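# Geometric and topological summary
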Amino acid sequence: MFGQSKQFKIVLQEKWQDLYKVAYAWTHDNALASDLVQETITRSLRNREKFTNSVELKIWLFKVLRNCWRDHLRRQKPEVDIHNIDLHANTNVENEYHRHQVMTHVSNAFRRMSLEQREILSLIVIEGFSYEATAKILDIPTGTVMSRVSRARNTLREHLKDIDLPDGMSPTLWRVK
Amino acid sequence: MSPNKQENHETLNAFIDGQLATDERMHIFESLKKDEKLSYTLCELQRNDEFLALAYNNIRAPKYDPYVNATRFSQRKKNMLAASVLFIISAAIGWQFHTVYSSEHETNIQDISFLNTNTLEHKQILIHVSKMDPKRITDALNKAESLLKNEKGIQLEIIANAEGLGLLRDNSPYAKRIKALSDKYNNVSFKACGIAMQAAKLKEGKDILLLPEAEKVPTALDQILSRLKAGWVYIKA
């Protein structure tokens, strides 16, 4: 199906934005995210003969992206471990409702999570992959995906609890009868 | 966390992610009816998901160019130091995301009870569609119709972004239903996210046309936030 280079490039173009979004969620660095996606595309073009359908291709692309990211971390580890960067919020939400600041808290909370947890939440929550597809991308059993996403959501919840939200900002319940 | 509690929490997460079979989902719905704490936890987790998605779904990639040599990793140190994050979009005056749990059988407003009914001074309801999932969209349209039919004096708005934009495009498979709703009720409106339209235009290389009933807004996020600020109730489809 993807034997023709032009056809394959069109498919890659369709996935470009999705790959970049997740790469950015992992790196929080525009240039690095762009490089990782470019590297993913380059590797994919090299191996395009392997793919027969676009569903598997999307999973595979994210798997390649993750490998590129891990390769990068291995190279950088002595100097920079991106998920250990001090990312404490420098904004104060106590007396303001400014939208940028609230979202900054959310993104800071996300960045304070471990790499493993950020990976899984970005694939499932941001990109909408199923547990099965996520298991393939991360090369782990589906049961591990289930427990890992559960822990990740708990961690995010704990981080967001730290925010001193004004009254009325907690979720209001609706219930199904 | 005890093993049993851990297991329950994993099941709740699988419910959020749509990974459970129908009978398992129904079991969760039953539990939600009885357990207010569980409902609150679910609501909180879903709200956090929403915020996470809002924070990252509007990140725009630079122009696609498969020919660029992707071996610039030597520049990374500079890039790392320069990586102060610019969040173009944003969010939240009033973090009042109200979540309703969609049920496979839920088609009538009478099936929903609001714990804080009295706080709904203005019956203004926003339904947010971000995925082109037939079941979710059908549920959302059913819910909308139900509200319009049964609740007097309400104002209802359906806003679509990301994949959900397909609901309001000129080739929408739901065009007839939207027209019927719009013709029948004058208190319903349909809004399409300008950023999602721009993204679709870049991807498809052509202008994106909307159904005549739909209106373009600059961004779904700003629309949602302004509605929340004004006291609207938010429902995620």
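Residues numbered from 1 in each chain as written. Chains lettered and ligands numbered in written order. Predicted model: local features only at pLDDT ≥ 70, side-chain atom pairs only at ≥ 80, totals over all residues. Heavy atoms only, no water.

Take the overall build of chain A next. Each helix and strand counted, chain A has seven helices and one strand in total. Counting over 177 residues, chain A shows a buried share of 58%. A fraction of 68% describes how many contacts in chain A between residues 6 or more apart in sequence connect residues 24 or more apart. Within the structure as shown, chain A displays about 7,500 Å² of accessible surface, and the carbon and sulfur contribution to it stands at 45%. (Helix = DSSP H or I, 4+ residues; strand = E, 2+ residues; numbered from the N terminus. Buried < 20%, exposed > 50% of the residue type's maximum accessible area, 1.4 Å probe, protein only. Contact = heavy atoms within 4.5 Å. Areas by Shrake-Rupley, 256 points an atom, 1.4 Å probe, with all protein chains shown as cover.)

Glancing now at the overall build of chain B. Along its length, chain B carries eight helices and seven strands. Taking all 237 residues of chain B together, 52% fall into the buried category. Here chain B has roughly 11,800 Å² of accessible surface; of this, 50% comes from carbon and sulfur atoms.

Residues and elements named next belong to chain B. Extensive coverage of strand β4 (residues 155-160) is indicated by the burial of five of its six residues. Relative to strand β5 (residues 188-193), β4 runs parallel, the two sharing five bridges. Bridging from a neighbouring strand, E157 pairs with S189 of β5. (Pairing = 2+ DSSP bridges.)

Turning to the environment of A:T27, a few remarks are in order. Residue and element names in this part refer to chain A. Relative to the elements of secondary structure, T27 occurs in helix α1 (residues 5-27). The class for T27 is buried, based on a relative accessible area of 2%. Here the alpha-carbon distance between T27 and L115, two residues 88 residues apart in the chain, equals 9.5 Å. Here A23 takes part through its backbone oxygen, which lies 2.9 Å from a polar atom of the side chain of T27. (Polar contact = N/O pair within 3.5 Å; in protein donor to acceptor, adjacent residues only side chain to side chain.)

Moving on, we get to the pattern of salt bridges. Note that side chains of opposite charge can pair when their charged atoms are close. Residues and elements named next belong to chain A. According to the stated counting rule, one finds 21 salt bridges over all chains in the structure shown. Across the pair D18 and K58 runs a salt bridge whose closest N-O atoms are separated by 3.9 Å. Linking D18 in helix α1 with K58 in helix α3 (residues 54-76), this pair joins segments that are 40 residues apart in sequence. Ionic pairing is found between E116 and R148, a salt bridge with its closest N-O pair at 3.4 Å. (Salt bridge = Lys/Arg side-chain N within 4 Å of Asp/Glu carboxyl O.)

Next up on the list: the pairing of strand β6 (residues 214-217) of chain B. Sheet analysis places β5(B) next to β6(B), joined by four bridges and oriented parallel. Directly across from B:C193, in β6(B), lies its bridge partner B:V217.

On to the packing of helix α2 (residues 22-34) of chain B against helix α3 (residues 36-57) of chain B, then. All names here are of chain B. Between α2 and α3, the shortest axis-to-axis distance is 5 Å and the interhelical angle comes to 115°. Regarding the angle of α2 to α3, the classification is roughly perpendicular. Here α2 contributes S31, L32 and K34 to the contact with α3, which in turn contributes E36, L38, S39 and L42. (Axes fitted to C-alpha atoms, helices over the stretch in contact; angles between N-to-C directions. Parallel < 35°, antiparallel > 145°, perpendicular 65-115°, else oblique.)

Let us now look at α2(B). Residues and elements named next belong to chain B. Look at α2: 19 Å from first C-alpha to last across 13 residues, which is about the 18 Å you get at 1.5 Å a residue. Restricting attention to buried positions, one finds in α2 the residues R25, I28, F29 and L32. Projected onto a plane normal to the axis of α2, the buried residues spread over an arc of 105° and lie on a single side. In α2, the exposed positions angled more than 90 degrees off the buried face are occupied by D23, H27 and K34. (Expected span 1.5 Å × (residues − 1). Arc of directions from axis to C-beta.)

Moving on, we come to the sheet that holds β5(B). All names here are of chain B. Reading across the sheet, the five strands line up as β6-β5-β4-β3-β7 and stay open at both edges, with parallel pairing between neighbours. Strands at the two margins of the open sheet, each flanked by one partner only, are β6 and β7 (233-236). Averaged over all pairs of adjacent strands, the angle between strand axes in this sheet comes to 25°, irrespective of strand direction.

In terms of nonpolar packing, the biggest core is built from 112 residues, with A:L65, A:L121, B:Y56, B:I127, B:L156, B:I158 and B:L167 touching the most fellow members. In terms of residue count, α1(A) provides more of this core than any other element does, eleven residues in total. Ignoring any residue separated from it by four or fewer positions in sequence, one finds A:L121 in contact with A:F110, A:M113, A:I126, A:V149, A:A152, A:R153, A:L156 and B:L52. (Core = buried A, V, L, I, M, F, W, Y, C linked by side-chain atoms within 4.5 Å.)

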